[in-house]
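Spelled out, the chains give:
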Amino acid sequence: MDVAGGPGTGKGTQCSRMAKEFGFKHISIGELLREEMERGTLVGKECSEIMKDGKLVPLKLTLELIIKAIKAPNNSSGYLLDGFPRATNQARAFQKQVRAPTLVLYLHAPQQVLLQRLMQRGLIGGRTDDNPATIRKRFITFKKESLPVVAFYEKTSISVVKKVGPDCSDY
Ligand code: UDP
Ligand code: MG
């Protein structure tokens, strides 16, 4: 299952819950990239500036990380892809090289709420991209590149489930 949604919509939180409840394996591409950064690997070094700039890291790198995570021994009942694919070309490539998702879950909340959540998380620290300048860029990337992924899947036979939060006048 693909779990999509803008920055701060709670993809990670909901994936953790679903993984626990249904025995799925939670694959957070953002977390995998941050682990690479922490370990100071070549991939990590390549991605750190891109992530600080709120842009998308090259598909080749994320796809490699996802395939590695899927192939790692596990007895899960399925996979939750948290925050991937993030552009329609990524959705196409994943479908061709791995498989089509069985379901797409899209989370939506007002941008003002998302900003507040991300700023709050920024205070606790841990993520270099939870600062006002990067958050703004992440919103732009999301609207321009990632949101069209939902429309892309809606044109296929894959089920798309949308969860829109209350007071979403911007939806
Ligand atoms: N990212 C990416 N491709 C992915 C997933 C993540 O390029 O498939 C990068 C991108 O720069 C993004 C960052 O990793 O801004 C953090 O992603 P995450 O899903 O953790 O954060 P959020 O969606 O909450 O901004
Ligand atoms: Mg996340």
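It should be noted that the structure appears before, not after, this text.
Not measured: the values here are computed from a predicted model.

J.: When you look at the sheet that holds strand 5 (residues 159-164) in this model, what are you seeing that I'm missing?
T.: Sheet strands associate in pairs through backbone hydrogen bonding, adopting either a parallel or an antiparallel arrangement. Judged by pairing direction, the sheet is parallel, and its five strands sit side by side in the order 2-3-1-4-5 without closing on themselves. With one partner strand each, in any of the chains shown, strand 2 (25-28) and strand 5 form the two edges of the open sheet. Strand-to-strand twist of the sheet, defined as the mean angle between neighbouring strand axes without regard to direction, takes the value 20 degrees. Here two bridges tie strand 1 (residues 2-5) to strand 3 (residues 79-82), and the two strands are oriented parallel to one another.

J.: What is the right way to read the packing of helix 5 (residues 88-97) against helix 7 (residues 132-154) from this model?
T.: The description of two helices packed together rests on the angle between their axes and the distance between the axes. One can describe the packing of helix 5 onto helix 7 by two numbers: an axis separation of 8 Å at closest approach and a directional angle of 50 degrees. By the angle between their directions, the pair helix 5 and helix 7 is classed as oblique. Within the contact between the two elements, helix 5 uses Thr-88, Ala-91, Arg-92 and Gln-95 and helix 7 uses Glu-145, Pro-148, Val-149, Phe-152 and Tyr-153. Considering only residue class, the contact of helix 5 with helix 7 consists of five nonpolar, two polar and two charged.

J.: Would you explain unusual backbone geometry in this entry?
T.: Outside of glycine, negative phi angles account for most residues, and trans bonds account for most peptide bonds. Residue Phe-84 is joined to Pro-85 through a cis peptide bond whose omega torsion reads -5 degrees. Inspection of the secondary structure assignment puts Pro-85 in the loop between strand 3 and helix 5.

J.: In this structure, what is going on with the site of ligand 1? I would like to understand it.
T.: The local shell around ligand 1 holds 18 residues, among which Lys-11, Lys-55, Val-57, Arg-86 and Arg-138 are the closest. At 3.3 Å from an oxygen atom of ligand 1 is found a main-chain nitrogen or oxygen belonging to Gly-83. Relative to its unbound accessible area of 520 Å², ligand 1 is 96% covered by the protein chains. For the shell around ligand 1, the class distribution of residues is seven nonpolar, four polar and seven charged.

Basis of the calculations
Residues numbered from 1 in each chain as written. Chains lettered and ligands numbered in written order. Predicted model: local features only at pLDDT ≥ 70, side-chain atom pairs only at ≥ 80, totals over all residues. Heavy atoms only, no water. Pairing = 2+ DSSP bridges. Helix = DSSP H or I, 4+ residues; strand = E, 2+ residues; numbered from the N terminus. Axes fitted to C-alpha atoms, helices over the stretch in contact; angles between N-to-C directions. Parallel < 35°, antiparallel > 145°, perpendicular 65-115°, else oblique. Contact = heavy atoms within 4.5 Å. Nonpolar A, V, L, I, M, F, W, Y, C, P; charged D, E, K, R; others polar. Near = heavy atom within 4 Å. Polar contact = N/O pair within 3.5 Å; in protein donor to acceptor, adjacent residues only side chain to side chain. Areas by Shrake-Rupley, 256 points an atom, 1.4 Å probe, with all protein chains shown as cover.

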